[in-house]
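What the coordinates show
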Amino acid sequence: MDLDLLLQRCRERDELAWEALVRQFQSRVYGIACHYLGSAEDARDLAQDVFIRIYNNLNSCPNAQVFLPWVIRITRNASVDHIRRAKVRPPASDIPAEVAHSLAAQGVNPEEQCALNSRRKLIHRALQQLSALNREVILLKEIQGLALEQIASLLEVPLGTIKSRSNRARLELAEKVLALERGGAAGGVS
Amino acid sequence: MDCTFFEKHLDGFVQETIAQATRSAMQEHLACCNRCRRLFDISRGEPDVMPFETGEILARSILEKTSGIPCPRVRQHLCDFTDGLLGTEYARLVSLHLDHCPACQGLARLLGELSQELPQMSERDPGAGFTAQVLKVTAQERASRPSLATRIRERWERALRRPRFPFEAAYAGTLLVVLTLGTPTIPPLDGSTRVLAPVETQLRRTLGNQLAGYELPNLTRPIRTKLEQVSILTSRLAGLETQLKDTLASQRSSAIRHLSSLPNLFFRRAFSFVNELIQDFKQAFSKE
C-alpha cells in the first residue's frame, strides 16, 4: 500500500494500517537502535518506545516523503536520550551473539549465513573503532541512506562538515575493515 | 636473410610499407632470431619489453624522487571513483594507478563491497512477538488516551509543578509590562553650553556698556582693570560650568539608578504574586 495512504489511515486510528506500518518499519527502527545501544534487549525496548512516540505524534509528520527521516530522527534522539540516562557510552565490544544471529538474511544457506554474520561482525567492529561523528555519518548515510542535508539537520552540524566527513569516514571504515581482515588472516595463519 | 638486411628494412617492416615478398622473408627471419625479435619489439614499443616488476620498481623510484607516491591523492578521490562520480579523464588516471598499486586496488574493491553491504545492514529482525507487543502497547495507549480538556489540565498542572515556573511567569509578565508601557527616557545631559550661553551674553553686554563711557586716552587703566575683572569672571565661569556638569551627571546617575530598580521591583512583586497564585491553584486542584 502507498505510504501516504497508510499514514492517512494510521492518523485516523485504523488498527490494520498501524499494524502494517509497524511491520514495515520495525526492522529498521530496531536496526538503528541496535547500532546505537549495542544491546539487543535495550534496542527492543527502545524500538517499542519509539513506536509509541510515532503513534502519539503521527500528526506531526507532514507526508510520506519525510516519514523515514522523521522515524530515524525519533529513533536516534531516543537512543541518545537512553544513552544519556544510562550514563554509559555504547559498548565498543562486539555485538551480542543473539543480535548477530538475527542479522542473517532469510533464505540463505547455513554456510553463507555464517560467512555473512562474520563479515557483518567485522564491519561492526570496524565501525566501533571510528570517531562518534564518523560512525553516525556512516550509519545515517551509508546504512540508512539519508541525504547529506537531512544528516546535517539531524546532527546539527554544518552541511560542509558532513560532506567532507562522508567520504573520509567511508575510507576510514574501509581501512579499518582491511586492517581487521589482515589481523584475522594473520591470526589464522599463526 | 641476415640480421643486417633485417635491421636495414626494420622501419618499413614496422610501418608495413615494404613488398610482400620481403615482408615474408623478414617474418621467417624473425621466427628464428631472438636478437632481431627483441629489436622488433623495441621498435613497436611493446610493453613487455621490460619485465613488470622492473617497471614497477623503476616507476616507484622515479615518483619518490619527483612528485612523491600518489596514493594519498588517489585515496582522496577513491570514494568518488567507486561511486562513478569522477570525470572520465580523472577516472582513467585513477584507474591507471589502481592497475599498478595493489594497496589502493584493495581499498577500492573494499569500498565497492561496502557500498553494497552497508545498506543491507539497515534492517534487523527484532524477533517474533515484537509487532504483537507494539500493537498491544499502542492499543493500551489509545484506550487510556484522555480527553482534550484533561490533557490541557494535566499539562497545566505539570507546568505548575516545575520549580522555575514562577520565575518564568514573573519574567514574562515584567517583559510584557515593559514592552507595553515602554521604558521611561532620560533627558540628555548635554545642556551645559545652552545653560551657560545666556550668562555669557549678559556678561558681554554689561562689559560693553561699561566700556562705552570711557574716552580713548583714559582707556588704558580702566581697560586693564576691566580685563582683570574679565579674567576673574572667566575663571569663575569655568568653575561654574564644571560644577553644573557635575551636578547634572550626579542627578542623571541617581535617576538611572532609580529607573533601573523599577523593573526589578516589579519583577519581585510579580514573582511573589505568581507564587501565591500557584499555591491557590494547587489548593483548588487538591480540593477537586
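Computed from a prediction, not measured in an experiment: that's the story for all the values here.

1. A word on the overall build of chain A
Regarding its fold elements, chain A presents nine helices and zero strands. Of the regular secondary structure in chain A, the N- to C-terminal order runs α-α-α-α-α-α-α-α-α. Across the 190 residues that make up chain A, the buried fraction comes to 32%. Of all intrachain contacts in chain A linking residues separated by at least 6 positions in sequence, the fraction that spans at least 24 positions is 60%.

2. Digging into the nonpolar core
Side chains of a nonpolar character, in soluble globular proteins, are inclined to be buried together. Residues and elements named next belong to chain A. Core analysis: the largest hydrophobic core is formed by 54 residues, its most contacted members being V29 and A33. Per-element accounting of this core gives the leading share, 11 residues, to helix α2 (residues 15-37). Sequence-distant contacts of V29, defined by excluding residues within four places in its chain, comprise A47, V50, F51, V71 and T75.

3. A closer look at the interface of chain A and chain B
Counting from both sides, the interface comprises 35 residues of chain A and, opposite them, 27 residues of chain B. Elements supplying a minimum of two residues to the side of chain A that touches chain B: α2, α3 (40-56), α5 (97-102), α6 (110-128), α7 (132-143) and α9 (159-189) of chain A. Tallied by class, residues from the side of chain A that touches chain B come to 17 nonpolar, nine polar and nine charged.

4. Here's the deal with the environment of A:K163
All names here are of chain A. In this structure, K163 sits in helix α9. Using a count of 15 C-beta atoms within 10 Å as the deciding quantity, one classes K163 as partly exposed. It is 9.5 Å that separates the C-alpha atoms of K163 and V137, two residues lying 26 residues apart in sequence.

5. Here's the deal with the confidence of the model for chain B
Residue and element names in this part refer to chain B. Mean pLDDT over chain B works out to 78, with 82% of the residues at or above the 70 mark. Confidence scores differ between elements of chain B, with helix α13 (residues 192-212) showing the lowest mean pLDDT of 67 and helix α9 (residues 102-120) the highest of 90. What the predictor reports for the complex is a pTM of 0.54 with an ipTM of 0.76.

About the criteria used
- Residues numbered from 1 in each chain as written.
- Chains lettered and ligands numbered in written order.
- Predicted model: local features only at pLDDT ≥ 70, side-chain atom pairs only at ≥ 80, totals over all residues.
- Helix = DSSP H or I, 4+ residues; strand = E, 2+ residues; numbered from the N terminus.
- Buried ≥ 20, exposed ≤ 12 C-beta atoms within 10 Å, placed from the backbone.
- Contact = placed C-beta atoms within 7 Å.
- Core = buried A, V, L, I, M, F, W, Y, C linked by C-beta atoms within 7 Å.
- Nonpolar A, V, L, I, M, F, W, Y, C, P; charged D, E, K, R; others polar.
- pLDDT = per-residue confidence, 0-100.

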